[in-house]
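# Structural overview for review
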Amino acid sequence: MCAGAPIPLPSAPRRPRPAASADDLRFGRQSAPGGVRRYTLHRLLPDSTRRFLGGTCRGPTSSAASGPGQGERAARFELRAVGELYTSSDPVTVNHTW
């Protein structure tokens, strides 16, 4: 890669799908094409901040800390692919109703 050349961003994960169990929330997905180092999962909070929930190299991304907040009926999550050069893809937002 030449100096000054833009760093390529990885493609976003495809078709994320949440699946809740008794103690956590898992997000399956189709892998993003290209060189992906890992996937990261954030929760989008009502005050417009993000909370990091976890990351994974393979398999579903999950978090035991993703239960509903007090009085919360739905939550928004953000899934990103992280490339070999640690650049992040555009986010894929998933809404989950409790």
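Residues numbered from 1 in each chain as written. Predicted model: local features only at pLDDT ≥ 70, side-chain atom pairs only at ≥ 80, totals over all residues. Heavy atoms only, no water.

Let us look at the pattern of salt bridges. Under the criterion given, the structure shown has three salt bridges. Here Glu-84 and Arg-37 are joined by a salt bridge, their closest N and O atoms 3.3 Å apart. Here the residue Glu-84 occupies a position in the loop between β6 (74-83) and β7 (92-97), and Arg-37 occupies one in strand β3 (residues 36-44), the gap between them amounting to 47 residues. Under the relative-accessibility criterion, Glu-84 is labelled partly exposed at 44%. A salt bridge links Glu-78 to Arg-80; the shortest N-O distance between them is 3.3 Å. (Salt bridge = Lys/Arg side-chain N within 4 Å of Asp/Glu carboxyl O. Helix = DSSP H or I, 4+ residues; strand = E, 2+ residues; numbered from the N terminus. Buried < 20%, exposed > 50% of the residue type's maximum accessible area, 1.4 Å probe, protein only.)

Let us now look at unusual backbone geometry. In this structure, Ser-48 takes a positive phi of about 75° despite not being glycine. Position of Ser-48 relative to the elements: it lies in the loop between β3 and β4 (50-56). The phi dihedral of Tyr-86 is positive, around 65°, even though this residue is not glycine. Assignment of secondary structure puts Tyr-86 in the loop between β6 and β7. Residue Tyr-86 is classed as exposed on the basis of its relative accessible area, which comes to 52%.

Ranked by size, the top nonpolar core spans 11 residues in total: Leu-25, Phe-27, Ala-32, Tyr-39, Leu-41, Leu-53, Ala-75, Phe-77, Leu-79, Ala-81 and Val-94. Looking at this core, the elements that each hand over two or more residues are β2 (25-30), β3 and β6. No other element matches β6, which puts four residues into this core. Those residues in contact with Ala-32, other than ones at most four positions away along the chain, are Ser-11, Ala-12, Pro-13, Tyr-39 and Ala-81. (Core = buried A, V, L, I, M, F, W, Y, C linked by side-chain atoms within 4.5 Å. Contact = heavy atoms within 4.5 Å.)

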